[in-house]
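So the chains spell out like this:
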Amino acid sequence: MTPLQFDSTVSFDSPVGNINVFALGEKVVYITMGEPPVALSGRAAVLRTAKKQLLDYFKGKSRELSFAVELAGTEFQRAVWREISKLGWGQTATYADIAQAIGNPSAVRAVGGAVGANPVPLVVGCHRVLGASGKITGYSGGDGIPTKKWLLAHESIDYRD
């Protein structure tokens, strides 16, 4: 699935498959992993920055992604994504932790839905969200759980199958 509105794209290879980055103006609006490459289009400078930062992340040269993004979603989704964005390299939280942090402790399943709808994986590090006791419960990016396992190992994060 691609975003409804974008005017620039870039694709490149990574250890988790092809990465497609979509921008509207000078903000990244969507990132896919493991999908077929999209044709290069537009001239958004943010795409050059995003590509460089993402490649540096995959090479282990950088632990932070700081290019401009625009998060389109419901207020609940954006609250979840803001909370996930606080997790840095090698840090994790559970779905319950996120629900508690956004002031809605009974919304664990809804948090899971928001995590799965994240339009900018890696920037909003949804791979860092685990089930209770550090268990991997799923992943919607790339090849799914194998991609999540690669990302967790890349950041030296322990997890349970």
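Structure report, in brief.

Procedures and definitions
Residue numbers run consecutively from 1 along every chain, following the written order of its sequence. Whole-chain, interface and lining totals are the exception, using all residues; otherwise, since this is a predicted model, local features are given only for residues with pLDDT of at least 70 and side-chain atom pairs are given and counted only at 80 or more. Side-chain figures throughout are based on the complete set of non-hydrogen atoms in the structure, without hydrogens or water. A pocket, in this scheme, is an open set of points on a 1 Å grid over the protein atoms alone with protein on both sides within 12 Å along at least 5 of 7 lines, while a cavity is a set where a 1.4 Å probe fits but cannot get out; residues line either one if an atom lies within 4 Å of a point. Grid points are joined across faces, edges and corners, and a volume is the space filled by probe spheres set on the points. Residues were grouped as follows: Ala, Val, Leu, Ile, Met, Phe, Trp, Tyr, Cys and Pro as nonpolar; Asp, Glu, Lys and Arg as charged; and all remaining residues, including Gly, as polar. Helix and strand assignments follow DSSP, with helices taken as H or I runs no shorter than four residues and strands as E runs no shorter than two, numbered in order from the N terminus. Throughout, exposure labels follow a simple rule: accessible area from a 1.4 Å probe, protein chains only, divided by the maximum for the residue type, with under 20% read as buried, over 50% as exposed, and the rest as partly exposed. Contact criterion: two residues are considered in contact whenever any of their non-hydrogen atoms come within 4.5 Å of each other.

## Notes on the layout of surface pockets
Reasoning step 1: Counted as a void, the second largest pocket has a volume near 220 Å³.
Reasoning step 2: In this structure, the second largest pocket is lined by 15 residues; those nearest its centre are Leu-65, Ser-85, Leu-87, Val-123 and Arg-128.
Reasoning step 3: Residues of the lining of the second largest pocket, tallied by class, amount to nine nonpolar, two polar and four charged.

## Considering the environment of Gly-144
Reasoning step 1: With respect to the element layout, Gly-144 can be found in the loop between strand E5 (129-130) and helix H5 (145-154).
Reasoning step 2: A C-alpha to C-alpha distance of 9.5 Å links Gly-144 and Gly-34, two positions 110 residues apart in sequence.

## Re unusual backbone geometry
Reasoning step 1: The phi dihedral of Ser-133 is positive, around 65 degrees, even though this residue is not glycine.
Reasoning step 2: Inspection of the secondary structure assignment puts Ser-133 in the loop between E5 and H5.
Reasoning step 3: Using a relative accessible area of 59% as the deciding quantity, one classes Ser-133 as exposed.
Reasoning step 4: We note that Ser-156 has phi near 55 degrees; this positive angle belongs to a residue other than glycine.
Reasoning step 5: Checked against the element boundaries, Ser-156 lands in the segment after H5.

## Digging into the environment of Tyr-57
Reasoning step 1: Checked against the element boundaries, Tyr-57 lands in helix H1 (residues 45-59).
Reasoning step 2: When the C-alpha positions of Tyr-57 and Asn-104 are compared, they lie 32 Å apart, and in sequence the two are 47 residues distant.
Reasoning step 3: Excluding anything up to four places from it in sequence, Tyr-57 contacts Ser-62, Leu-65, Trp-89, Leu-122, His-127, Leu-151, His-154 and Glu-155.

In short, geometric facts, not functional conclusions.
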